[in-house]
Amino acid sequence: MANHKSALKRIRANETKRLRNRYQHKTTRSYIKKLRDTTDKAVAVEVYKTVSSMLDRLAKKNIIHKKKASNQKSKLARLVNSISVAA
């Protein structure tokens, strides 16, 4: 266990940030799942905007790699665009 006050504070801060990052990452994954299940084009476009923003935020905070965010956004954009063809 840490002996310095600053180290104890850092441990508390790191735990808080870890929990916040986990929450944001899980929320984003839930939205991605919701987008994949959507069959309505209008709803898909709105959810895609939200998901895209969430992925950018995760990449900016280094919760996920920026290229992973880019790949996911690209794949989801193709999915949203294919909905209009099928529906």
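Labelled according to an unreviewed UniProt entry, the protein appears under the name Small ribosomal subunit protein bS20, originating from Dyadobacter chenhuakuii. UniProt lists a comment for the protein under the heading Sequence similarities (unreviewed entry), and it reads "Belongs to the bacterial ribosomal protein bS20 family." Reading the Function (unreviewed entry) entry of the UniProt record for the protein gives the comment "Binds directly to 16S ribosomal RNA."

Caption draft 1: The arrangement of a positive patch on the surface in detail. On the surface, a cluster of positive charge is made up of Lys9, Arg10, Arg12, Lys17, Arg20, Arg57, Lys60 and Lys61. Only helix H1 (5-37) and helix H2 (41-60) provide two or more residues apiece to the positive patch. Along the chain, the position of arginine 20 falls in helix H1. A relative accessible area of 44% means that arginine 20 is categorised as partly exposed.

Caption draft 2: Inspection of the nonpolar core at higher detail. Core analysis: the biggest nonpolar cluster contains 13 residues, and Leu35, Val51, Leu55 and Leu76 have the highest contact counts within it. In terms of residue count, the dominant contributor to this core is H2 (six residues). Apart from the residues lying within four places of it in its own chain, the contact partners of leucine 76 are Ile32, Leu35, Arg36, Tyr48, Val51 and Leu55.

Caption draft 3: Structural detail: the pattern of salt bridges. Throughout the structure, instances matching the rule amount to three salt bridges. For glutamate 15, the salt bridge goes to arginine 18, with nearest N and O atoms at 2.9 Å. Pair noted here: glutamate 15 and arginine 18 are both in helix H1, with a separation of three residues, about one helical turn. Note on glutamate 15: relative accessible area 36%, which makes it partly exposed. For lysine 49, the salt bridge identified is with glutamate 46, shortest N-O distance 3.8 Å. One end of the pair, lysine 49, and the other, glutamate 46, are both in helix H2, three residues apart, so they sit about a helical turn from each other.

Criteria and thresholds
- Residues numbered from 1 in each chain as written.
- Predicted model: local features only at pLDDT ≥ 70, side-chain atom pairs only at ≥ 80, totals over all residues.
- Heavy atoms only, no water.
- UniProt positions renumbered as here; feature names shortened; annotations may be inferred.
- Patch = residues over 30% accessible without salt bridge, like charges linked within 9 Å, V, L, I, M, F, W, Y side chains within 5 Å.
- Areas by Shrake-Rupley, 256 points an atom, 1.4 Å probe, with all protein chains shown as cover.
- Salt bridge = Lys/Arg side-chain N within 4 Å of Asp/Glu carboxyl O.
- Lys, Arg positive; Asp, Glu negative; His and termini not counted.
- Charge placed at Lys NZ, Arg CZ, Asp CG, Glu CD.
- Helix = DSSP H or I, 4+ residues; strand = E, 2+ residues; numbered from the N terminus.
- Buried < 20%, exposed > 50% of the residue type's maximum accessible area, 1.4 Å probe, protein only.
- Core = buried A, V, L, I, M, F, W, Y, C linked by side-chain atoms within 4.5 Å.
- Contact = heavy atoms within 4.5 Å.

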